[in-house]
Every structure is written in C-alpha cells, then in structure tokens.
Amino acid sequence: MTEELNLENFNKSIESRLMTFDDIEEVIRLQEVCFPGMEPWKKEQLESHLNLFPRGQVVIEYEGTLIGSSSSLIINFDEYDDRHTWDDITDKGYITNHNENGHNLYGIEVMVHPDFRGMRVGQRLYEARREIAYELNLKSIIIGGRIPNYHLYKDELSPREYVNDVMKRKIKDPVLTFQFMNGFTLMRINPGYLPDDVKSNKYATLMEWNNPDFVAKTNLHFKTSYPVRICTVNYMMRKIDSFEEFANQIEYFVDVAYDAGSDFVVFPELLTTQLMSFDERRNPAESIRHLTKYTEQYIEMFNSFAMRYNINIIGGSHFVEEDDEIYNISYLFRRDGSIEKQYKIHVTPNERRWWGISPGNRVEVFDTDCGKIAIQICYDSEFPEMARIATEKGAKIIFTPFSTEDRQSYLRVKYCSMARAIENQIYTVTSGTCGNLPQTENMDIQYSASGIYTPSDFGFARDGIIGETGENVEMVMIGDVDLEGLRRGREDGTVRQLRDRRHDLYHIQYKK
C-alpha cells in the first residue's frame, strides 16, 4: 500500500511584505545581480526611503530569501518638468522630495532576481503598488520605465519607433511589454533619464496607470499657490491678577490677527508664566507645579479662540505635568477645532536648574489647511538637525516660540532661525516675550523682537526678512509667505541647499 504523501514536504512560502532596515544589505545585493554594470543603491538611500515613506517600499520573499523589491514615493507630478530625470524625481535617490499630500505614486525601482523570473514576482510588486494607490487614494501610478532591449535596435530605430513596435507586439521588451500588459499607458519618452542605463541608451518611457477608484480630495484646501498670512506677536509680560485678565490679553491679539485676515497667529514660549505673577509661592519649582493646574483652561481658551476667529494658533508654550514629569509643550490649535502638540526637545541648563523640566523625544510635523508646519521651541532652533528632520518630513514653515532674558540670547534665536531658513529653503517665524515680571523668580526680565524669515535668494524678501517687530516693544508683525515660491527656489534657485547636499559624505539619521 502506498503511504499517504506528507504535503508539508511540498510546502513553499512566498510573500509580499514591507521592506525593513534589516533587508537593506540583501536589497543592495539583489540589485547588483539584477542590474550588473549599473550603480546599486547606497545604504543611506534605502534608509532614507524607509524613514520617509516606509509604506512605499515592498519586497518579495521566497523561502526566506529576497527575490524582488520595489521602491516608490508620492509626488505632485504637475510640479516636475516634462523632461525630468531619475535624479530630479528622486532627489538623487534619497526621495526627500516625498510629498504625503501628493496625488501620484511614482515608482522608481522594480527588480526581480533572474533565477526567479517566470514566477510572476513582478506582477506581485505591481499589485502591491496598486494597493498603495487604492489605500492612499492616489490619482495614478507613474513610472519611468527602462527599455533594456533598445540597444539591439538603436542603429535602425529611433526610441519612438522602437516603442511603437513594442506596442504593436512586433518587438518584445522585457520591461515595456510587461508594463503595457499591466494597464500602463505611454505619456512620453524622456532622454538622459538614467545615465548608467546603457542598455536603454539612457532613454526611459514615462508610463501611467490611472486609479479607477480615485476620489478628488475636496475636503482639504491647501494654500500652496498663493500667500499664507502670518501674524507673530511680540508679547509684553506684565503683572496680572487673574486667568480672565490673561485671556482678555490673548484674545486681543487673536482679534488683531483675525482682522488682518491671518491664517496663523503665533505666541511666545512660556506665555503662561505670566499667570505666576499673582501666585504667592516663592519657590520656582513649586510655582511651576502649580502652573500646570491651568493646563485645561489654557487648552480650552485657545481652542475656543481658534474656532471662533477661524484662525490657526501656535499657542506659545506651557508647562504640562505628565506621569509626574514636567514638560515644556507648544500646542497647535487648528481652526477646525483639532489640536496637536510639540514637546521641547532640548532643555536649557536654566530650565533644568530652576524648574526640573524633562525633554521630549519626537520631532513632529503637522498638516494644516496651509500645508505642513513644524514647531521648534526656542533652544531647539539652535540645533540644525531639528530643522533638517522637520524639512525632510515635509515642513515648509517652522514656528519658533521663544523666551530670552538678554540681547545675546535673543540674537542666538534670531540668527539661528535665519540660518535654518537658508539651510532648508523654508520659512521660519519667531515670537518672543518682552517686559518684566519683577516678583516672579527666573522670569523677571525679558528681551525680544519677533519676525518672519525667508531663504536668502532672488524671489524672496530683501535681507531674508519679511518683517520684524521693534525690540522690547509689544506689537505684532504681519506678513505673507509664498509656499509656491519655496518650490520654485528649490527647483531653480541661485543655490539649492537641499538638492546639493553630499549624501555620499554625510546624512542625518532620525531614530524615531
């Protein structure tokens, strides 16, 4: 009698999954096998892909071995030149131009180990991309495809003639034929797309697959083609007698910003320490603990103002107690009633000594109806890595609430904010405190001016300053920032700090 077959002996395992950092070395080896003679990924590039858009990086694993992978990013394709190159569309392979609010998934790499072709690995990778498009409601998938058999015909056919013959099935191209079979249509042929793609004679076919389930994103309106108006407050610290008096002062400035048609109003760091002016406690640590009791009132007040005046508010910063630790937190109050927060990451020696403040651990970037923004509280602006991480996450404006007690400290914040705007080709906004609280320990004197700063290039404000308040004067500065101008500056500015970084020499690794 024949024994029953043990089917477990025949079981095989093939799966599509997201790439991880542990896969990087194997992906590089796979590329060397798939594309001999072409420059493979650098480790830093794949790390950047996983940091910026992990959902777009997919691998196929067969019996524990990687046999295929694909890499993608999201863009607004309309923002790129028709004759773009692979370097243009990927920021030289680092995808720091990935735009979470874009409409198009752009595929920049698909590879299948030659020993496993015929197993529909490529089909699985293309299906994985379609799933991303469906899941994220993207309008289309765009790819710059190789035509690796063109070198066999380049002496007798132009690139256009070659592509036409492939479309008519007169010629079979391993990449282009596959893309046609998967529903992609030809948009154009780009010369010089990938300089080391000798087999394609450096040409690429720009192909598109349209998502039939795409629903236009009409619920959000991003003001990227005309200015965003910002009102920054240089706030006078003075003695008050109640929370109600504090709220009246805040509402006055919100009303001023509203009357000017502002999209944002920005208040300074440690704004609520003004409430300590009617606190009889003399010990700074005790006063700070007591100050945290106002957290709910503070949040309710600003949230109410944001909705009532239809304006986004950077609510300065406030000391908050969480799990018996005190944090310095800045809140974003959106005009739709939603709230976000950014912890101060770098705590000054003064904050540790007087108040025992604990540091936060995350660089946040927030979506708003005016695009992506970040908040970096005072001392954080003096660490260039913070702004670079926020920029790589998509921030176009960085707001810096600050509180300084002397001119030297104020100038550190100002000069660093101006440098961050230049280094990252973004806008930066500062808001500080002036005045005196004579009876309040460690908050007795203040020195500030507040301003809005730009990259230093043609197309932006002279001297890189949209405007500043006077020093040590309570007043507001209202100015417009053009987010479309940032895109133009990054594409064809006199200098292009983001594009011209030497990724081969250095990179920033954000561990969160």
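Rules used in this analysis
- Residues numbered from 1 in each chain as written.
- Predicted model: local features only at pLDDT ≥ 70, side-chain atom pairs only at ≥ 80, totals over all residues.
- Heavy atoms only, no water.
- UniProt positions renumbered as here; feature names shortened; annotations may be inferred.
- Helix = DSSP H or I, 4+ residues; strand = E, 2+ residues; numbered from the N terminus.
- Core = buried A, V, L, I, M, F, W, Y, C linked by side-chain atoms within 4.5 Å.
- Buried < 20%, exposed > 50% of the residue type's maximum accessible area, 1.4 Å probe, protein only.
- Contact = heavy atoms within 4.5 Å.
- Pairing = 2+ DSSP bridges.
- Axes fitted to C-alpha atoms, helices over the stretch in contact; angles between N-to-C directions.
- Domains from an automatic or database assignment.
- Salt bridge = Lys/Arg side-chain N within 4 Å of Asp/Glu carboxyl O.
- Polar contact = N/O pair within 3.5 Å; in protein donor to acceptor, adjacent residues only side chain to side chain.
- Phe/Tyr/Trp six-rings, centres within 6.5 Å; stacked < 30°, edge-to-face > 60°.
- Lys NZ or Arg CZ within 6 Å of the ring centre and 35° of its normal.
- Expected span 1.5 Å × (residues − 1).
- Arc of directions from axis to C-beta.
- Parallel < 35°, antiparallel > 145°, perpendicular 65-115°, else oblique.
- Left-handed = near helix turned anticlockwise from the far one by under 90°.
- Nonpolar A, V, L, I, M, F, W, Y, C, P; charged D, E, K, R; others polar.

An unreviewed UniProt entry annotates the protein as GNAT family N-acetyltransferase of Macrococcus brunensis.

**Describing the UniProt feature "domain: N-acetyltransferase" (unreviewed entry) in the protein**
UniProt's feature table lists "domain: N-acetyltransferase" (unreviewed entry) at residues 14-212, given in the numbering used throughout. Each end of residues 14-212 is marked by a C-alpha atom, and these two atoms are 28 Å apart; helix forms 28% of the span and strand 25%.

**With respect to the nonpolar core**
Grouped together as the largest cluster of nonpolar side chains are 51 residues, with contacts concentrated most on Val27, Trp41, Tyr106, Ile108 and Tyr162. Ranked by residues supplied to this core, first place goes to helix 1 (residues 24-34) with 5 residues. With near-sequence residues (within four places) excluded, isoleucine 108 lies in contact with Trp41, His49, Ser71, Ser72, Leu73, Trp86, Ile89, Thr90, Ile95 and Arg129. In this structure, Ala247, Ile288, Tyr309 and Trp355 belong to the second largest nonpolar core, which totals 41 residues.

**Some remarks on the sheet that holds strand 1 (residues 14-18)**
Across the sheet, 7 strands lie side by side as 1-2-3-4-5-7-6; this open sheet has mixed pairing. Looking at strand neighbours, the two that pair on one side only are strand 1 and strand 6 (185-190), the edges of this open sheet. In this sheet, adjacent strand axes meet at a mean angle of 25 degrees when their direction is disregarded. Inspection of the sheet shows strand 6 paired to strand 7 (residues 204-210) by 5 bridges, in the antiparallel sense. Among the inter-strand pairings, asparagine 190 is bridged to a residue of strand 7, identified as alanine 204. Helix-sheet contacts for helix 1 involve strand 2 (58-62), strand 3 (65-75) and strand 4 (104-112), and the interaxial angle to strand 3 is about 100 degrees. Across the sheet, helix 4 (residues 121-135) is in contact with strand 1, strand 2, strand 3, strand 4, strand 5 (140-145) and strand 7; its angle to strand 4 comes to roughly 160 degrees.

**Quick word on the domain arrangement of the protein**
Looking at the assigned domains, one finds that the protein contains domain 1 (12-210) and domain 2 (228-492). Relative to domain 2, the C-alpha centre of domain 1 lies at a distance of 43 Å. Between domain 1 and domain 2, the residue contacts involve 6 residues of the former and 5 residues of the latter. Between lysine 372 and glutamate 100 there is a salt bridge whose closest N-O contact spans 3.2 Å. Applying the counting criterion to the domain 1 and domain 2 interface returns 1 residue pair in polar contact (both at pLDDT 80 or more).

**Side note on the packing of aromatic side chains**
One pass over the structure, following the stated rule, counts 28 aromatic pairs. Seen in terms of ring centroids, tyrosine 427 and phenylalanine 460 are 6.1 Å apart; in terms of plane orientation they differ by 75 degrees. Their pairing is edge-to-face. Residue tyrosine 427 is located in strand 18 (residues 427-431), and its partner phenylalanine 460 is located in the loop between strand 20 (451-453) and strand 21 (465-468); the two are separated by 33 residues in the primary sequence. You can call tyrosine 427 buried: its relative accessible area is 3%. Aromatic ring contacts, followed pair by pair, group Phe267, Tyr298, Phe302, Tyr331 and Phe333 into a single cluster. Directly above the aromatic system of tyrosine 126 lies the positively charged group of arginine 129, at a separation of 5.9 Å from the ring centroid. The aromatic ring of tryptophan 209 is capped on one face by arginine 130, whose charged end is 5.4 Å from the ring centroid.

**Topic: the sheet that holds strand 21**
If you walk across this open sheet you meet the 6 strands as 15-16-17-18-20-21, and the pairing is mixed. The open sheet terminates on both sides in strands that have one partner only, identified here as strand 15 (366-368) and strand 21. Adjacent strand axes in the sheet meet at a mean angle of 20 degrees, parallel and antiparallel pairs treated alike. Summarising the sheet, strand 18 and strand 20 pair through 3 bridges and their orientation is antiparallel. The residue of strand 20 that forms the bridge with valine 429 is isoleucine 452. Sheet contacts for helix 12 (residues 407-424): strand 17 (397-401), strand 18, strand 20 and strand 21; angle to strand 18, the most-contacted strand, approximately 165 degrees.

**Considering helix 7 (residues 243-259)**
Residues spaced three or four apart along an α-helix point in a common direction, a consequence of the helix completing one turn every 3.6 residues. With 17 residues, helix 7 should reach 24 Å at 1.5 Å per residue; the first-to-last C-alpha distance of 24 Å fits that figure. Within helix 7, the full set of buried residues consists of Phe243, Phe246, Ala247, Gln249, Ile250, Phe253, Val254 and Ala257. Along the long axis of helix 7, the arc covered by the buried residues comes to 160 degrees, so they all point the same way. Relative to its buried face, helix 7 has exposed residues pointing more than 90 degrees away, namely Asn248, Tyr252 and Asp259. Residues of helix 7 that are buried sit in contact with strand 8 (228-237), strand 9 (264-267), helix 9 (295-308), strand 10 (312-315) and strand 22 (475-481).

**Details of unusual backbone geometry**
In the Ramachandran plot, aspartate 91 falls in the positive-phi region, its phi being about 50 degrees despite a non-glycine side chain. By the element assignment, aspartate 91 lies in the loop between helix 3 (86-90) and strand 4. Looking at aspartate 91, the relative accessible area reads 8%, which means it is buried. Of note in the backbone geometry, asparagine 310 takes a positive phi value of approximately 55 degrees without being a glycine. For asparagine 310, the location among the structural elements is in the loop between helix 9 and strand 10.

**Re the packing of helix 7 against helix 9**
The geometry of helix 7 relative to helix 9 is characterised by a closest axis approach of 11 Å and an angle of 30 degrees between their N-to-C directions. Relative to helix 9, the element helix 7 is oriented roughly parallel. As for the relative orientation of helix 7 and helix 9, their crossing is right-handed in sense. Contacts between helix 7 and helix 9 involve Phe243, Phe246, Ala247, Ile250, Glu251 and Val254 on the former and, on the latter, Gln297, Tyr298, Met301, Phe302, Phe305 and Arg308. Grouping the amino acids of the contact of helix 7 with helix 9 by side-chain chemistry returns 9 nonpolar, 1 polar and 2 charged.

**Considerations on the pattern of salt bridges**
One pass over the structure, following the stated rule, counts 32 salt bridges. As a salt-bridge pair, aspartate 23 and arginine 17 come within 2.8 Å of each other at their nearest N and O atoms. Comparing aspartate 23 with arginine 17 shows no difference in burial state: the two are buried. Between arginine 17 and glutamate 61 there is a salt bridge, and its shortest N-O distance comes to 3.3 Å.

**Some thoughts on helix 2 (residues 43-52)**
Counting buried residues in helix 2 gives 7 out of 10 residues, a clear majority hidden from the surface. Restricting attention to buried positions, one finds in helix 2 the residues Gln45, Leu46, Glu47, Ser48, His49, Leu50 and Leu52. In the core, the buried residues of helix 2 are packed alongside helix 1, strand 3, strand 4 and helix 11 (384-392).

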